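# Remarks on the overall topology
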Amino acid sequence: MSAAVPQGRRPRHLTIGRIGIYAFLVTAALFFMLPLWIMVVTSLKPMEEIRLGNILALPAAMTFEAWTKAWSSACTGLECNGISVGFWNSVRILIPSVILSIMAGAINGYALSFWRVKGANVMFGVLLLGAFIPYQVFLYPLVRIFSLTGIYNSLTCIVLVHVIFGLPTMTLLFRNYYAGLPIELFKAARIDGGGFWSIFFRVILPMSTPILVVATILQVTGIWNDFIFGLTFAGRENLPMTVQLNNIVNSTQGERAYNVDMAATMLAALVPLVVYFVSGRWFVRGIAAGAVKG
Amino acid sequence: MSTVSVRDVTVAFEAVQVFDGLSLDIQEGEFIVLLGPSGCGKSTLLNAIAGLLDVAEGQIWINGKNVTWEEPKDRGIAMVFQSYALYPRMNVRENMSFGLKMAKTPKPEIEKRVAKAAELLQITPLLDRRPDQLSGGQRQRVAIGRALVRDAAVFLFDEPLSNLDAKLRNELRVEIKRLHARLGKTTMVYVTHDQIEAMTLADRIVVMKEQKIQQIGSPDEIYHRPANLFVAGFVGSPQMNFIKGRFENTGEGLSFLAGDRRLSLSGYPFIMAPSSGQEVVLGVRPEHLEISATGIWPGFTVDIVEPMGADTVIWCSDGEGSVQVRTSGSRRATPGESMTLHVDPTQVSLFAADSGERL
C-alpha cells in the first residue's frame, strides 16, 4: 500500500508546538505540586532527618508522630491540646454559618428575581457595593456594635458575621441562577395559589440543587479559611482552626518543630482540600455562574 | 353577560406606557383569540387579565366581579403557558394537584378531579411520570390538565402551541377546540401570533398592533372585511395583494384606477363615502384573482411558481409591481408565460392610502 487514502479520523502528529505546550503544562503542574510535596514529606520525617536539610527527599524513617502531636498535644500559647480544639471550633462555626448564609442568599435571590420588589435593583446594587468594601473597614464599627448588644466574643457573633459578609456573594449567585429559570414557572405557581414561602419551598428550592452545591462549596471553603473574623469576633473559647494554627506555628519555645507545623497546616487545610478534590467540576461552574451574568 | 371585561386598562412598565385605556368585553363561553405580531401587547393583556401584572389604571372584571386588585388565584382563572411551566421536581399527578393542594381541597376531591382531567386528555398512563420523561406534546397536555382541574370559568392560553412541531401543533389545536366544545360554558382567551390557530379556533379574533386593538370580529369578518391595511396584510397567507391607485368617477360610476388598469366598483359595499381622485390601496386576496383569457387585466407575466400541493401560488408581474395568484393545485405555469387576470369587484377591499382605514 502506498499513500493512505484520507478516510475516517485524521491522523494526529506530535508537532513541536504540542511538545512545547506539554512541557509548559508539566512544569506548571510540578511548580504547584512542589509545596504540597515538601509539606507531606516533611510532616512524615522525624526532626533529626529534617535537620539534614534534604527537603525534597522521601523520609528514611517514616513516622506519624508529628501528626498525632499536631492534632492532640501541640502547644497553642499556654495550652497544649493540639489543633483538634480548633478543628471542632471551626466545625461549630462552619455548620450554622454555611446553612444560614445560603438560606439568606437563596431567599434574597428569589425575592429579587421573581417578586420584582420595588427598588430591587437599587437594593441589589447597594448589596454588591458592600462586597467591594474591604473587610478591615467594618471591623472596628462591628466590634463596637456587637459589644453594645452584648454578643461580642461568642459563637452567635462569629456566625452572624459570616452570614452578613456572605450575603452579597450568595445573593448574586442565587439571583443569577434564578434569573435563568423560566419566569412562567413562577407565574404558574402564582395562579395555582402559591404564596411567597410556598412557591420558594415547594417549587423553586427543589430546582436549586446545582446552585446549592456551588454555594456550599464556596461558603465551606471561605468560612473554613477565614482568619481575621475568627480572631476578631469568635472569642477565646471559639477560636477557629486557622487562628490556632497560627498560634502553633508562631509559638517559639526552643527548637522549631517543622514536622509538627507542617502536619498542623495539612490538618487545617484538609477540609477545603477535600471539598476541592471532590467537587472540582461544580466549583468551576460556581465561579462561572457568578461571573458571566451580572 | 360578559365573563371577562377589560375596562380602560392602562399598563405601565416603569416609564413606558404599554396600554392606554384599552377595553375589551368577552362573552361567557366565548373563544377569543388575541392575534398580533410579537411586541403588540397581546401577552401583556393576558397577564393583566390573569393578575400577574398590575394595571396602572382601569378595571378588570371576571364573572361579574371586579378583580382588579385580586390575587391571580382568586380570579377564577386557569392558565397554560408556552413553555408548559410544569414543576420539574413533581410528577404529573403532583403537578396537576398542586393548585388544589394550595387551596386546601380535600384529598378525595383532588383525586377525583385529577382522574377526570387525566381521562379527558388521555394522560392517565402518564400520571406517575416526571415532566422530563414526557414529550413536548405530552407536557402541554399535562399543562392543560393542570389548568383543567382548577374548574375555572376562564382559561387563559399564552401561545400554548408555539413550542411544538407542526404536526403536534395541528393535533393539539383540534384537541383544544374539542375541549372548548366539551366544556361548554368555559370562556377561553388565547394568545397567538399564528393566524391559522386564530382562524380555526376563535369565535372572535382580536387583532392587535403596537398595543392597540386594530379589529375585533369573527374570523370571517377579519379575513374578508379587514378593518385596515395592517389587518389585511397580517391575516392571510400568502399575503393579500396591495395595488396603489386612485378613484375616478366616470360616467358609469366610480372605478379604481392604477396606471392604465381599471376596475369598476359598482358592486362594492362602501362604508365610507369615497371621493373622486382620492388616493387608495386596493387589496385582493390571491384566491380572488383568477387567471382567465377573458379577464379585465391583461399584460402580466409569470415570475415564480410555488406548487403547494392543494393549491399553486403563481407570482405574476407587470413590470411595475407583482401580485400573487392562488389557483388549483393541478394548475402549472412556466416563468415568462403571459397571463390575463380577472378581479371580482365584490371580493376586494379598499383602503384609504393616507390613513390605511377601510373604505
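Residues numbered from 1 in each chain as written. Chains lettered and ligands numbered in written order. Predicted model: local features only at pLDDT ≥ 70, side-chain atom pairs only at ≥ 80, totals over all residues.

From N to C terminus, chain A includes 13 helices and zero strands. Reading the secondary structure of chain A in the N-to-C direction produces α-α-α-α-α-α-α-α-α-α-α-α-α. Relative to the compact-globule value of 19 Å for 294 residues, chain A shows a C-alpha radius of gyration of 25 Å, a clear excess of over 25%. When its C-alpha atoms are laid out on the principal axes, chain A stretches across 85 × 75 × 30 Å. Excluding contacts between residues fewer than 6 apart, the proportion of contacts in chain A whose partners are at least 24 apart in sequence is 76%. (Helix = DSSP H or I, 4+ residues; strand = E, 2+ residues; numbered from the N terminus. Rg over C-alpha atoms; globule rule 2.2 N^0.38 Å. Contact = placed C-beta atoms within 7 Å.)

For the rest of this paragraph, the subject is the overall build of chain B. A count of helices and strands for chain B gives eight helices and 22 strands. Along the first, second and third principal axes, the C-alpha set of chain B runs to 80 × 45 × 35 Å. For chain B, the proportion of its 359 residues judged to be buried stands at 39%. Once local pairs closer than 6 in sequence are excluded, the contacts in chain B between residues at least 24 apart make up 65%. (Buried ≥ 20, exposed ≤ 12 C-beta atoms within 10 Å, placed from the backbone.)

This part takes up the packing of helix α4 (residues 84-115) of chain A against helix α12 (residues 241-250) of chain A. All names here are of chain A. Interaxial distance between α4 and α12 falls to 7 Å at its minimum, and their mutual angle equals 160°. By the criterion of interaxial angle, the relationship of α4 to α12 is roughly antiparallel. The chirality of how α4 crosses α12 is right-handed. On α12, the residues that touch V85, G86, F87, N89 and S90 of α4 are M241, V243, Q244 and L245. In the contact of α4 with α12, the residues fall into five nonpolar, four polar and no charged. (Axes fitted to C-alpha atoms, helices over the stretch in contact; angles between N-to-C directions. Parallel < 35°, antiparallel > 145°, perpendicular 65-115°, else oblique. Left-handed = near helix turned anticlockwise from the far one by under 90°. Nonpolar A, V, L, I, M, F, W, Y, C, P; charged D, E, K, R; others polar.)

Residues and elements named next belong to chain B. Summarising the sheet, strand β5 (residues 31-35) and strand β11 (residues 204-209) pair through four bridges and their orientation is parallel. Note that in β11 the partner of V33 across the bridge is I205. Relative to strand β12 (residues 212-217), β11 runs antiparallel, the two sharing five bridges. Paired with I205 across the strands is G217, a residue of β12. A loop of two residues connects β11 with β12, the two strands running antiparallel in sequence, and E210 in this loop sits at a positive phi of about 45°. (Pairing = 2+ DSSP bridges.)

Our focus in this paragraph is the interface of chain A and chain B. Taken together, the contact pairs 14 residues of chain A with 17 residues of chain B. For the side of chain A that touches chain B, the secondary-structure elements that each account for two or more residues are α8 (183-191) and α9 (196-204) of chain A. Top element by residues in the side of chain A that touches chain B is α8 of chain A. It accounts for six residues. Counted by class, the side of chain A that touches chain B contains seven nonpolar, three polar and four charged residues.

Okay, the sheet that holds strand β13 (residues 241-250) of chain B next. All names here are of chain B. Taking strand neighbours across the sheet as the criterion, the five strands line up as β15-β14-β13-β16-β22 in an open arrangement whose pairing is antiparallel. The open sheet has two free edges, formed respectively by β15 (261-264) and β22 (349-352), since each of these has just one partner strand. Pairwise comparison of adjacent strand axes, ignoring direction, gives a mean angle of 40° for this sheet. Across four bridges, strand β16 (residues 279-284) lies against β22 in antiparallel orientation. Residue pairing for β22: V280 is matched across the bridge by A352.

With that out of the way, let us pick up the sheet that holds strand β21 (residues 338-343) of chain B. All names here are of chain B. Taken together, the five strands give an open sheet; going across it, the order is β17-β21-β18-β19-β20, and neighbouring strands pair in antiparallel fashion. The open sheet has two edge strands with one neighbour each: β17 (289-291) and β20 (322-328). Strand-to-strand twist across the sheet, computed as the mean angle between neighbouring axes with direction ignored, equals 50°. Inspection of the sheet shows strand β18 (residues 297-307) paired to β21 by three bridges, in the antiparallel sense. Paired with F300 across the strands is M339, a residue of β21.

On to the confidence of the model for chain B. Per-residue confidence for chain B gives a mean pLDDT of 89, with 99% of residues at or over 70. Reported for the predicted complex are a pTM of 0.82 and an ipTM of 0.85. (pLDDT = per-residue confidence, 0-100.)

All names here are of chain A. Two elements in contact, α4 and helix α7 (residues 155-179), have axes separated by 6 Å at closest approach and are oriented at 35°. The element α4 and its partner α7 pack so that their crossing is right-handed. Along the lines of polarity and charge, the residues of the contact of α4 with α7 split into 19 nonpolar, nine polar and two charged.

Another aspect to go through is the pairing of β16 of chain B. Residue and element names in this part refer to chain B. Among the six residues in β16, five count as buried, and that is most of the element. Bridge count for β13 against β16 is six bridges, and the pairing is antiparallel. Across the sheet, N241 pairs through a bridge with V284, a residue of β16.

Along an α-helix, residues three or four positions apart point the same way, because every turn accommodates 3.6 residues. For α7 of chain A, which comprises 25 residues, the first-to-last C-alpha distance of 35 Å matches the rise-based estimate of 36 Å (1.5 Å per residue) to within 8%. Of all the bends in α7 of chain A, the greatest reaches close to 45° and is centred on L167 of chain A; the proline P168 of chain A follows between one and four positions later. (Expected span 1.5 Å × (residues − 1). Bend = angle between axes of the 7 residues up to and from the residue.)

Once that is clear, we can look at the environment of G277 of chain B. Residue and element names in this part refer to chain B. Assignment of secondary structure puts G277 in the loop between β15 and β16. Residues G277 and Q59 lie 218 residues apart in sequence; the distance between their C-alpha atoms is 45 Å. Sequence-distant contacts of G277, defined by excluding residues within four places in its chain, comprise R246 and F247.

What follows concerns unusual backbone geometry. Residues and elements named next belong to chain B. Between S237 and the following residue, P238, the backbone shows a cis peptide bond with an omega angle of -5°. As for its placement among the helices and strands, P238 is situated in the loop between α8 (229-234) and β13. The backbone of Y84 shows a phi angle near 70°, a positive value even though the residue is not glycine. Note that Y84 resides in the loop between β8 (77-80) and α2 (92-102). Positive phi is not limited to glycine here, since Q122 has a value of about 55°. Structurally, Q122 is set in the loop between α3 (107-121) and α4 (136-148).

What follows concerns the environment of V122 of chain A. Mapped onto the secondary structure, V122 of chain A falls in helix α5 (residues 120-132). When the C-alpha positions of V122 of chain A and A106 of chain A are compared, they lie 18 Å apart, and in sequence the two are 16 residues distant.

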